[in-house]
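If you want the building blocks of each chain, they are given just below.
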Amino acid sequence: MTRSLEELIAAVGDGSRLPVAEMFYTVQGEGAHTGCAAYFVRLGGCDVRCPWCDACYTWEGTDAPLTAVTDVARQAAASGA
């Protein structure tokens, strides 16, 4: 289901759900934590449009499924990162 950005904002409502484009375990590849385990949560609907972004598909991510914050936190905690 494709939603407009306004519909996405309304659907997120009280902040208990987020439009999650993807979540994954990885090893941090840059910065002070290079080489450390990391768990990335990429949200859909970003409107910042950073020129160095490696996840441009999330800019219009209004198709991203709404996921309960508690489920996101549970999966991140279980990842071992």
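Residues numbered from 1 in each chain as written. Predicted model: local features only at pLDDT ≥ 70, side-chain atom pairs only at ≥ 80, totals over all residues. Heavy atoms only, no water.

Looking only at helices and strands, one finds two helices and three strands in the chain. Going residue by residue from the N terminus, the α and β elements of the chain occur as α-β-β-β-α. Counting only C-alpha atoms and orienting by the principal axes, one finds that the chain spans roughly 40 × 30 × 20 Å. Within the span of the chain, comprising 81 residues, buried residues form 21% of the whole. A separation of at least 24 residues holds for 52% of the contacts in the chain among residues at least 6 apart in sequence. Surface summary for the chain: the accessible area is close to 5,300 Å², and the carbon and sulfur share equals 58%. One finds the centroid of the 5 positive side-chain charges in the chain at a distance of 5 Å from the centroid of its 10 negative side-chain charges. (Helix = DSSP H or I, 4+ residues; strand = E, 2+ residues; numbered from the N terminus. Buried < 20%, exposed > 50% of the residue type's maximum accessible area, 1.4 Å probe, protein only. Contact = heavy atoms within 4.5 Å. Areas by Shrake-Rupley, 256 points an atom, 1.4 Å probe, with all protein chains shown as cover. Lys, Arg positive; Asp, Glu negative; His and termini not counted. Charge placed at Lys NZ, Arg CZ, Asp CG, Glu CD.)

Take the packing of aromatic side chains next. The geometry of an aromatic ring pair is captured by the separation of the ring centres together with the interplanar angle, meaning the angle of the planes. One pass over the full model with this rule turns up one aromatic pair. Ring centres of Phe-24 and Phe-40 lie 5.2 Å apart, and the angle between their planes is 45 degrees; on these two criteria the pair is classed as tilted. Placement of the pair is Phe-24 in strand β1 (residues 17–27) and Phe-40 in strand β2 (residues 37–43), with a sequence separation of 16 residues. (Phe/Tyr/Trp six-rings, centres within 6.5 Å; stacked < 30°, edge-to-face > 60°.)

Moving on to the sheet that holds strand β3 (residues 66–68). Spatial strand order, β2-β1-β3: three strands in an open sheet with antiparallel pairing. Edge positions in the open sheet fall to β2 and β3, since each of these has one partner strand only. Averaged over neighbouring strand pairs, the angle between their axes works out to 50 degrees when direction is ignored. Of the strand pairs in this sheet, β1 and β2 are connected by seven bridges, and their pairing is antiparallel. Paired with Tyr-25 across the bridge in β2 is Tyr-39. Its contacts with the sheet place helix α2 (residues 69–78) against β1, β2 and β3, and it is angled at close to 70 degrees to β3. (Pairing = 2+ DSSP bridges. Axes fitted to C-alpha atoms, helices over the stretch in contact; angles between N-to-C directions.)

In this structure, Gln-28 sits in the loop between β1 and β2. When its relative accessible area of 19% is taken as the criterion, Gln-28 is described as buried. Residue contacts for Gln-28: discarding those within four places in its chain leaves His-33, Thr-34, Gly-35, Cys-36, Ala-38 and Phe-40.

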